[in-house]
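Each chain, written out:
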Amino acid sequence: MTYESILVETHDRVGLVRLNRPQQLNALNSQLMEELATAIEAFDREPAIGSIVITGDERAFAAGADIKEMAAASAVEMLQRDNISRWDRLRRVRKPIIAAVSGYCLGGGCELALACDMIVASESARFGQPEINLGVMPGAGGTQRLTRAVGKAVAMEMVLNGRFLTADEALRYGLVNRVVPVEAYLEEAIKLAQEIAARAPVAVRLAKEAVHKAFETSLTDGLEFERRLFYFLFATEDQKEGMRAFIEKRKPEWKGR
Ligand code: DAK
């Protein structure tokens, strides 16, 4: 498959997608989002891939949805374009996704990073939901995932007043996993992704599902869901291998089944 707005690479068991509209600060137009969803789904289906990294470039992860593409649209056109279905496709991905963020991470770009499972940020990263300056508001998770990540007070300031967070603030508020120098952020994200990709694949998949469930359900239902997945893992060869390897004081060899 050839893409125009993204670049796709593999690094051992890690699939890497680079958003590639540098002149537009990687603004997320429909074509880019379609290509991104398609590439990520392909990595999700590929057994040789264990985890996925999404990145932009040093200047911008993504400066938001493409304003020029939506400026003249009517409400009905926006509804009919159904761009949100591409975001839903990303949400259904079972393998862990890490966002490697440098520079502007704004609007839909911030929402894309929030839709990933973890965020590795460079010191230059800036997170914001500036839609209010355009007379609109976040539409792809910015009021929901952001609030769950940073809490009400900070989310309100970002969404209502367009406040940007520095990388260090984002770390302090729990939006990102770690902050590293600009030269190292992508390498660091790939390293983290490689570590996860080297773990027992079925356990990783179910553990991701269980953590996501924590945002969707009551504590009682979530605990029951977690317990069922935990028991299920005793039906895998990897559970037998993992526990046997511990007892025999050796490294486990995962089979992914
Ligand atoms: N869209 C289109 N083009 C953009 C862009 C964007 N979001 N951001 C930047 N660009 C373009 C600029 O127009 C400029 O293009 P040329 O003029 O050179 O042709 C080029 O990128 C470089 O930008 P600047 O010249 O502005 O660069 P500066 O360094 O001066 O400023 C900036 C950088 C990031 C502060 C500034 O570009 C900026 O404020 N950008 C807009 C940020 C923004 O407002 N983002 C939120 C957009 S709304 C949904 C899905 C998603 C969304 C909603 C719903 N559904 C599926 C329902 C998301 C909405 C949004 O993200």
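Residues numbered from 1 in each chain as written. Predicted model: local features only at pLDDT ≥ 70, side-chain atom pairs only at ≥ 80, totals over all residues. Heavy atoms only, no water.

### As for the sheet that holds strand β5 (residues 97-101)
Next up, step 1: Pairing is mixed across the open sheet formed by six strands, whose spatial order is β1-β2-β3-β5-β7-β10. The open sheet has two free edges, formed respectively by β1 (6-11) and β10 (178-180), since each of these has just one partner strand. For this sheet, the mean angle separating the axes of adjacent strands, direction not counted, is 20°.
Next up, step 2: Where β5 lies against strand β7 (residues 118-122), four bridges are found, and the strand directions are parallel. Bridge pairing in β7 places Ala 99 opposite Ile 119.
Next up, step 3: Packed on one face of the sheet, helix α9 (residues 185-197) meets β1, β2 (14-19), β3 (51-55), β5, β7 and β10 and runs near 165° to β3. (Pairing = 2+ DSSP bridges. Helix = DSSP H or I, 4+ residues; strand = E, 2+ residues; numbered from the N terminus. Axes fitted to C-alpha atoms, helices over the stretch in contact; angles between N-to-C directions. Contact = heavy atoms within 4.5 Å.)

### Considering the site of the ligand
Next up, step 1: By nearness alone, 25 residues border the ligand, and Ala 63, Ala 65, Ile 67, Lys 68 and Gly 108 come closest of all.
Next up, step 2: Gly 108 places a polar main-chain atom, nitrogen or oxygen, 2.7 Å from an oxygen atom of the ligand.
Next up, step 3: Relative to its unbound accessible surface of 1,100 Å², the ligand loses 65% to contact with the protein.
Next up, step 4: When contributions to the shell around the ligand are tallied by element, the ones reaching two or more residues are α2 (67-70), α4 (84-91), β6 (104-106) and α5 (108-115).
Next up, step 5: In the shell around the ligand, the residues fall into 13 nonpolar, seven polar and five charged. (Near = heavy atom within 4 Å. Polar contact = N/O pair within 3.5 Å; in protein donor to acceptor, adjacent residues only side chain to side chain. Areas by Shrake-Rupley, 256 points an atom, 1.4 Å probe, with all protein chains shown as cover. Nonpolar A, V, L, I, M, F, W, Y, C, P; charged D, E, K, R; others polar.)

### Here's the deal with the sheet that holds strand β8 (residues 126-128)
Next up, step 1: The four strands lie next to each other as β4-β6-β8-β9, forming an open sheet whose pairing is mixed. Looking at strand neighbours, the two that pair on one side only are β4 (60-62) and β9 (165-166), the edges of this open sheet.
Next up, step 2: Two strands pair when backbone bridges link them, and β6 and β8 are joined in this way by three bridges, in the parallel orientation. For Leu 106, the partnering residue across the bridge sits in β8 and is Gly 128.
Next up, step 3: Of the strands in this sheet, β4, β6 and β8 are in contact with α5, which crosses β6 at around 90°.

### Examining a nonpolar patch on the surface
Next up, step 1: A cluster of nonpolar side chains, namely Ile 67, Met 70, Met 78, Leu 134 and Val 136, defines an oily patch on the protein surface of about 410 Å² accessible area.
Next up, step 2: On the basis of relative accessible area, Ile 67 is assigned to the partly exposed category, the value being 42%. (Patch = residues over 30% accessible without salt bridge, like charges linked within 9 Å, V, L, I, M, F, W, Y side chains within 5 Å. Salt bridge = Lys/Arg side-chain N within 4 Å of Asp/Glu carboxyl O. Buried < 20%, exposed > 50% of the residue type's maximum accessible area, 1.4 Å probe, protein only.)

### Observations regarding the side chain of Glu 131
Next up, step 1: Turning to its location among the elements, Glu 131 is positioned in the loop between β8 and α6 (145-150).
Next up, step 2: Arg 145 is the oppositely charged side chain nearest to the buried, salt-bridge-free Glu 131, at an N-O distance of 12 Å. (Lys, Arg positive; Asp, Glu negative; His and termini not counted.)

### So, the pairing of β1
Next up, step 1: Here β1 runs beside β2; their pairing, made up of six bridges, is antiparallel. Counted as the bridge partner of Ile 6 is Leu 19 from β2.
Next up, step 2: Hairpin remark: β1 followed by β2, antiparallel, with two residues in the connecting loop; positive phi at Asp 12, about 50°.

### Here's the deal with helix α7 (residues 152-161)
Next up, step 1: Every buried residue of α7 is listed here: Val 154, Ala 155, Met 158 and Val 159. The buried side chains of α7 occupy one side of the element, clustering within an arc of 120° when seen end-on. Away from its buried face by more than 90 degrees, α7 exposes Lys 152, Ala 153, Leu 160 and Asn 161.
Next up, step 2: Against β8, α6 and β9 lie the buried residues of α7.
Next up, step 3: Just beyond α7, the residue with positive phi is Gly 162, at close to 65°. (Arc of directions from axis to C-beta.)

### Some thoughts on the packing of helix α10 (residues 201-213) against helix α11 (residues 219-232)
Next up, step 1: Running from amino to carboxyl end, α10 crosses α11 at an angle of 175°, the nearest separation of the two axes being 10 Å. The angle between the axes of α10 and α11 places the two elements in the roughly antiparallel class. When α10 is examined against α11, the residues Val 202, Leu 206, Glu 209, Ala 210 and Lys 213 are found in contact with a partner set consisting of Phe 225, Leu 229 and Phe 232.
Next up, step 2: Among the residues forming the contact of α10 with α11, the class breakdown is six nonpolar, no polar and two charged. (Parallel < 35°, antiparallel > 145°, perpendicular 65-115°, else oblique.)

Just geometry here; none of it tells us what the structure is for.
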